[in-house]
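Architecture and fold: a report
Spelled out from the first residue to the last, the chains are:
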Amino acid sequence: MNPNQQALPDGTGLLLIEGASLLGEQERDILVRGGVIAEIGEPGSLRNTPDAQGAYVVDARGLIALPGLVDLHTHLREPGREDAETVESGTRAAAAGGFTAVHAMANTSPVQDTAGVVEQVLRLGEKAGWVDVVPIGAVSVRLEGEQLAELGAMADSAARVRVFSDDGKCVWDPVLMRRALEYVKAFDGVIAQHAQEPRLTENAQMNEGIVSAEIGLAGWPAVAEEAIIARDVLLAEHVGSRLHVCHLSTAGSVEIIRWAKSRGINVTAEVTPHHLLLTDDLARTYDPIYKVNPPLRTAADVEAVREGLADGTIDIVATDHAPHPREDKDCEWAAAAFGMTGLETVLSVVQQTMVDTGRMTWGDVARVLSAAPARIGRIDEGPRAQGRPLAAGEPANITLVDPKATREVRPADQQTASENSPLRGRELPGVVRATFLRGRATILDAAPVRIEAGA
Ligand SMILES: NC(=O)N[C@@H](CC(=O)O)C(=O)O
Ligand SMILES: [Zn+2]
Ligand SMILES: [Zn+2]
């Protein structure tokens, strides 16, 4: 356990966060009691009140307070690939990145396709205690795309699954996709699609375009993503159900989502930090650290996804944190695994690409990295709600970030058990100084001070 977790009382204690800038706007003090935000007041106004006596004080001047971040797309790899990540290491990485909840993708081994396996992942998350782990259920048995998994049993289980995905694989069969969309309506679930037309992407290694032609790697055309998204928004409209599009990566995909939303179709979409920042030019290095599914696209696509995120066409940023052990990445490009880590750098990438460029405010960041993903996952209600505003009476899930600090990304310094960060060696803005899960510090970069009674 992180020693800092003991530096503050657990969620039953009193905590006073002083001088944080709420969503980058006005400076406020936040008093937390019993894991709940008790009061928010002008700077200096709470310290001397009877309510604050005995509180631990965190000096948050110069820091921005955000609601705890929520990831809709994390690969925690346990059960089955504990050599890449465990629930403990992956959720520790999540807390370090500012998260208080992550949705755990279903492509584990065994697959999260039964109530038993999703409950196992839920328990592992509770035992680790870093963030709330929200299991995603598979759409099909063993992700094989043939038979529907026991969606209802997973929904009714202790894990209360609402998001279903065969991520890593596309639900290609339109009849299976239709049935899945129909089935989850009963409990307000959502199908999160990994949009990849399999025949158009056989052996594909990178984005199909000028770079793939020049360097001689097999291409993954944009149409292979866009064709599935187009089909699925029409299916979602037909059955009147809720669709979520995972890791959208092309300008054409943004156009389709924009069109679907203008028609009132119930669709949401996510973009990853790597698709907001990186382009397929990096494949020229032949370094498989840049190999990911969907592939890095062109500068025009990067511009389109930034614009789509800024104008609300794209609802959220999701990490698609996909840890892989060294032996699966330190090999030639064609043999390497697809995937990149992202939990510990996503906030920095969003700051750099969207906030520092003037395209989004910190309030928008709170929406795309907390409120909206919590809403899509239907974890935004009840006493353990996530993605709630920073306001009195709400669960004290709070992330403090220093937007002026920078740091060099060094995979060896990260909490994730894998080192496949495409950002290694880069200097990034924004450092997470603290994460509070229902008032308990999971990450805390500074020693808290206690207000003595009568002081
Ligand atoms: N994104 C990836 O490149 N890889 C993911 C699967 C996925 O998200 O499709 C993984 O599980 O490794
Ligand atoms: Zn995927
Ligand atoms: Zn994924």
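Residues numbered from 1 in each chain as written. Chains lettered and ligands numbered in written order. Predicted model: local features only at pLDDT ≥ 70, side-chain atom pairs only at ≥ 80, totals over all residues.

Quick look at the domain arrangement of the chain
The domain boundaries assigned to the chain delineate domain 1 (4–65 + 393–416 + 424–450) and domain 2 (70–376). Contacts between the two partners involve 19 residues from domain 1, matched on the other side by 26 residues from domain 2. When contributions to the side of domain 1 that touches domain 2 are tallied by element, the ones reaching two or more residues are β16 (398–408), β17 (427–437) and β18 (440–444). When residues in the side of domain 1 that touches domain 2 are grouped by element, the largest group, six residues, is from β17. For the side of domain 1 that touches domain 2, a count of residues per class yields ten nonpolar, nine polar and no charged. (Domains from an automatic or database assignment. Contact = placed C-beta atoms within 7 Å. Helix = DSSP H or I, 4+ residues; strand = E, 2+ residues; numbered from the N terminus. Nonpolar A, V, L, I, M, F, W, Y, C, P; charged D, E, K, R; others polar.)

Here's the deal with the UniProt feature "binding site: substrate" (unreviewed entry) in the chain
Sites flagged by UniProt as "binding site: substrate" (unreviewed entry) map to His 75, Leu 76, Arg 77, Asn 107, Asn 293, His 324, Phe 338 and Gly 339. Each residue touching His 75, except ones within four places of it in the same chain, is listed here: Met 105, Asn 107, His 321, Ala 322 and Pro 323. C-beta crowding within 10 Å serves as the criterion here: with 19 such atoms nearby, Asn 293 is assigned to the partly exposed category. (UniProt positions renumbered as here; feature names shortened; annotations may be inferred. Buried ≥ 20, exposed ≤ 12 C-beta atoms within 10 Å, placed from the backbone.)

Some points on the environment of Thr 114
By the secondary structure assignment, Thr 114 is in the loop between β7 (99–104) and α3 (115–128). Residue classification places Thr 114 among the partly exposed positions, given that 18 C-beta atoms sit within 10 Å. Sequence separation between Thr 114 and Val 141 is 27 residues; the distance between their C-alpha atoms is 8.6 Å.

Concerning unusual backbone geometry
The peptide bond linking Ser 109 to Pro 110 adopts the cis configuration, its omega dihedral lying at 5°. Within the secondary structure layout, Pro 110 lies in the loop between β7 and α3. Pro 294 follows Asn 293 through a cis peptide bond whose omega is -10°. Mapped onto the fold, Pro 294 is located in the loop between α9 (273–277) and α10 (299–310). Positioned with a positive phi, Leu 23 is a non-glycine residue whose angle comes to about 50°.

Here's the deal with the packing of helix α2 (residues 87–96) against α3
Closest axis-to-axis distance for the α2/α3 pair is 9 Å, and the angle between their directions is 60°. When the interaxial angle is binned, α2 and α3 end up oblique. In this structure, α2 meets α3 at a crossing whose hand is right-handed. On the side of α2, the interface is formed by Val 87, Glu 88 and Thr 91, while α3 contributes Val 121, Leu 124, Gly 125 and Ala 128. For the contact of α2 with α3, the class distribution of residues is four nonpolar, two polar and one charged. (Axes fitted to C-alpha atoms, helices over the stretch in contact; angles between N-to-C directions. Parallel < 35°, antiparallel > 145°, perpendicular 65-115°, else oblique. Left-handed = near helix turned anticlockwise from the far one by under 90°.)

Considerations on the UniProt feature "binding site: Zn(2+) 2" (unreviewed entry) in the chain
Following the UniProt record, the feature "binding site: Zn(2+) 2" (unreviewed entry) maps to Asp 167, His 194 and His 247 here. A maximum C-alpha distance of 10.0 Å among these annotated residues, which run over 81 residues, shows that they cluster at one spot. When you line up the elements, Asp 167 lands in the loop between β9 (163–164) and α5 (174–184). Given 25 C-beta atoms within 10 Å, Asp 167 falls into the buried group.

Some remarks on the pairing of strand β8 (residues 132–135)
Where a strand is regular, its side chains alternate between the two sheet faces. Burial along β8 is two-sided: Asp 132 and Val 134 and Val 133 and Pro 135, pointing in opposite directions, are all buried. Examined bridge by bridge, β7 and β8 share four bridges and lie parallel to one another. Across the sheet, Ala 104 pairs through a bridge with Pro 135, a residue of β8. (Pairing = 2+ DSSP bridges.)

A few points about the sheet that holds strand β13 (residues 243–245)
Picture the strands of a sheet paired through backbone hydrogen bonds; they go either parallel or antiparallel. Pairing in this open sheet of five strands is parallel, and the strands run β9-β10-β13-β14-β15 from one edge to the other. At either margin of the open sheet sits one strand with a lone partner, and together these are β9 and β15 (316–317). Of the strand pairs in this sheet, β13 and strand β14 (residues 267–271) are connected by three bridges, and their pairing is parallel. Residue pairing in the sheet places Val 245 in a bridge with Ala 269 of β14.

Things to note about the site of ligand 1
The full set of residues close to ligand 1 is His 75, Asn 107, Asp 167, Gly 168, His 194, Val 292, Asn 293, Asp 320, Ala 322, Phe 338 and Gly 339. Classifying every residue of the shell around ligand 1 by side-chain character gives three nonpolar, six polar and two charged. (Near = placed C-beta within 6 Å.)

Observations concerning the nonpolar core
In terms of nonpolar packing, the biggest core is built from 127 residues, with Ala 65 and Phe 164 touching the most fellow members. Considering each element in turn, this core owes the most residues, eight residues, to helix α13 (residues 362–376). Both domain 1 (4–65 + 393–416 + 424–450) and domain 2 (70–376) contribute no fewer than three residues apiece to this core. Once residues within four sequence positions are removed from consideration, Ala 65 is found in contact with Ile 17, Ala 20, Ser 21, Leu 22, Ile 30, Ala 60, Leu 390, Ile 398 and Leu 400. In this structure, Ala 204, Leu 217, Ala 224 and Ala 283 belong to the second largest nonpolar core, which totals 13 residues. (Core = buried A, V, L, I, M, F, W, Y, C linked by C-beta atoms within 7 Å.)

Remarks on the environment of Leu 217
Residue position: Leu 217 is located in the loop between α6 (210–215) and β12 (219–220). Judged by local crowding, Leu 217 falls into the buried class, with 23 C-beta atoms found within 10 Å. Residues Leu 217 and Arg 284, 67 residues apart in the sequence, show an inter-C-alpha distance of 9.9 Å. Residues within four places of Leu 217 in sequence aside, it is in contact with Gln 205, Met 206, Ser 212, Ala 283 and Trp 333.

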